[in-house]
Number of protein chains: 2
Amino acid sequence: MSREITIALDAMSGDHGPQVVVRAAIAALERNRDLALILVGREEALLAAMKARNVSPSERLRIHHAAQIVEMDELPSQAMRMKKDSSMRVAIDLVKSGQAGACVSAGNTGALMATARFVLKMLPGIDRPAICTTLPGLHGATRVLDLGANVDSKAEHLLEFAIMGSALASAADDLPRPRVGLLNIGAEEMKGNDQVREAAQLLAGSELNYAGFVEGADIYLGDVDVVVCDGFVGNVALKSSEGVASMIRELIREEFMRNPITRLAGLIALPVLHRLRRRIDPRRYNGASLLGLSGIVIKSHGGADVLAFGRAIDVAALEVTKDVPKLICRQVEATLAKREAV
Amino acid sequence: MSREITIALDAMSGDHGPQVVVRAAIAALERNRDLALILVGREEALLAAMKARNVSPSERLRIHHAAQIVEMDELPSQAMRMKKDSSMRVAIDLVKSGQAGACVSAGNTGALMATARFVLKMLPGIDRPAICTTLPGLHGATRVLDLGANVDSKAEHLLEFAIMGSALASAADDLPRPRVGLLNIGAEEMKGNDQVREAAQLLAGSELNYAGFVEGADIYLGDVDVVVCDGFVGNVALKSSEGVASMIRELIREEFMRNPITRLAGLIALPVLHRLRRRIDPRRYNGASLLGLSGIVIKSHGGADVLAFGRAIDVAALEVTKDVPKLICRQVEATLAKREAV
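Residues numbered from 1 in each chain as written. Chains lettered and ligands numbered in written order. Predicted model: local features only at pLDDT ≥ 70, side-chain atom pairs only at ≥ 80, totals over all residues. Heavy atoms only, no water.

Asks: Got a minute to help me understand the interface of chain B and chain A in this structure?
Replies: Many analyses report the size of an interface as the accessible area lost when the parts associate. The interface of chain B with chain A comprises 60 residues on the first partner and 60 residues on the second. Both faces combined, the contact of chain B with chain A buries some 5500 Å², and carbon together with sulfur accounts for 72% of it. Applying the counting criterion to the chain B and chain A interface returns 8 salt bridges. R275 of chain B serves as the salt-bridge partner of E255 of chain A, at 2.8 Å between the closest nitrogen and oxygen. On the surface where chain B and chain A come into contact, there are 10 residue pairs in polar contact (both at pLDDT 80 or more). (Contact = heavy atoms within 4.5 Å. Buried area = accessible area lost by both parts, 1.4 Å probe. Salt bridge = Lys/Arg side-chain N within 4 Å of Asp/Glu carboxyl O. Polar contact = N/O pair within 3.5 Å; in protein donor to acceptor, adjacent residues only side chain to side chain.)

Asks: Is there a simple way to think about the relation of the copies chain B and chain A in this case?
Replies: Applying a rotation about an axis and a shift along it to one chain copy brings it onto the other copy. Least-squares fitting of chain B to chain A yields an RMSD of 0.0 Å, with the superposition described by an axial translation of 0.0 Å and a rotation of 180 degrees. Both copies are brought into coincidence by an operation consistent with a two-fold rotation axis. Residue by residue, 100% of the interface of chain B is reproduced at the interface of chain A, so both copies engage with the same surface. (Least-squares fit on C-alpha atoms with pLDDT ≥ 70 in both.)

Asks: Please explain the sheet that holds strand β11 (residues 296-299) of chain A as it appears in this structure.
Replies: Residue and element names in this part refer to chain A. In space, the 11 strands of this open sheet follow the order β3-β2-β1-β4-β11-β10-β5-β6-β9-β7-β8, with mixed pairing throughout. Sheet topology places β3 (61-65) and β8 (209-214) at the edges, where each strand pairs with a single neighbour. Between one strand axis and the next, the sheet turns through 25 degrees on average, direction left out of account. Two strands pair when backbone bridges link them, and strand β4 (residues 102-105) and β11 are joined in this way by 4 bridges, in the parallel orientation. For A102, the partnering residue across the bridge sits in β11 and is I296. (Pairing = 2+ DSSP bridges. Helix = DSSP H or I, 4+ residues; strand = E, 2+ residues; numbered from the N terminus. Axes fitted to C-alpha atoms, helices over the stretch in contact; angles between N-to-C directions.)

Asks: Would you mind showing me how to read the packing of helix α4 (residues 87-96) of chain A against helix α5 (residues 109-120) of chain A here?
Replies: Helix-helix packing is described using two parameters, namely the angle between the two axes and the distance between the axes. Residue and element names in this part refer to chain A. Running from amino to carboxyl end, α4 crosses α5 at an angle of 35 degrees, the nearest separation of the two axes being 10 Å. The crossing of α4 and α5 is right-handed. Seen from α4, the contacting residues are M88, R89, I92, D93, V95 and K96; seen from α5, they are A111, L112, T115, A116, F118, V119 and L120. For the contact of α4 with α5, the class distribution of residues is 9 nonpolar, 1 polar and 3 charged. (Left-handed = near helix turned anticlockwise from the far one by under 90°. Nonpolar A, V, L, I, M, F, W, Y, C, P; charged D, E, K, R; others polar.)

Note that every value here comes from positions in space, so none of it alone points to a role or purpose.
Right, here's the structure in full:
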């Protein structure tokens, strides 16, 4: 089939391993008829997990054996050097060789980034890879990057992130000119640091649709399509946000469980609470893109369940369909052309 | 009265000016019998606001005239140089001269920080001031600093923040040895930046109760008492958190307002929703401390209402009672003593 999208799944990584990956794979194949998946990992374990779901290997759901597993606490450099037959490495190799259009892994982020960079190499014109995810907002979703691949980003790197985020948002969300915001702590004299102020100038002079500085709270308004920041800052913003959201979820539960009367109120409000829970369900935003590589690599949350891992597969499929790396290259070229023209 | 605590209130700054400050002052005096307040600002406006509440100036609620006002968008350096008779500046002057034990302002953060630093000077042994606030957590509140006074903190500055946060937490929350966490993005090889790694070594070698690295989500668990970070990072974490919390509040409202049935459910759940709202009400956490200065300065949110501004007055009163600057000095001395002993 010419329309077929093939995705390699690192089926051994993450907290739940093959059980979750195999179930998510079966569901994804049912959702998307153009999809074929390669389960990468220990054949025996994968066959057992498939058998438990009454499924056998097929054209659309193949097994590719890989003997090793990268542990969650393993040093990235060590995983990269020592585990050439890990499910993570082999899944990336399948992207490199063209047997898969993308790979998805719920493994160790550092190891995934280091190995993907080593195997796939960077796109021309991109110096640093970045991790990008989608976050929900009141007026629409926002893509935020970098979320931790870089911890001391210079202004030039922030521009690269803007280029990559813009290319992704334009492809995935069908936006002709995504609005790009630069994360800062305000517009006053004393605020901001040198990198951010310098990046603002680069962005204002670029051909991107630069919307100026945004603050942390703006991420959740959705008034810009892409928010650009250093990876240390972005990671802290993401984790703090998750912390607040899960604190509030817990407080809602506590308050409704307080006594028989509040429990009754909770029972009556249950359909509303379910809708609310669905709207802020972090699983629906699982699947972060490792951008800037010559290949599509999607990082799933380590604790992802079937729904969440399935969402990461969907993200990978969309990026293959849209050929995001090619779009990033085009955006890099447009930026360079504009700069040379100035 | 020897037990009297006098606090100067910048009554002209903030979005609501004298109306909110005067009402918050009256309520604070009712709550705390040991308190005296000085309203700093335009006498006419303050008298009018007091009259509207049927209150006249008294020993415990004096007016101190100041003709100028620092605007919210004014450059800090300009406000500091040009507005020597602003309500903000005069309130700080009253702390300097000893007529007030602390001041509270809802004005421009940059101007407040610059002016306070210029007038009050730094405590011996402290190189940089820091902004510290309390955030709610599932297992207890956490003090986080810096929230934006410094945007390129070196390891030594992070140690200073830990010393100051620790002194404040120990005084305000009666904790003999507050647990101090250092905000990072994980413990893996590739994670963290140089400043944070270096700060971790300084903290581990200090006499503080250092609990190691924490991530963004840990702020809202409350398993450490103090979280230390660079001001850019802390500000983004705080604003992102506020963004998520207000998005969720809005989604709760939307879901319960969806149709007559959900509205009825909302009506039944109203007492529970009110309790929930109270527990995550940001007004209850208003009042950030500007630490490291030879004097107590509390920054209120610009949009603070009566409840929120009152909370900032209470924070100021507590810091006066505990003499937080003296405690910070002691903590600095203890740190230096330990370092020299090594």
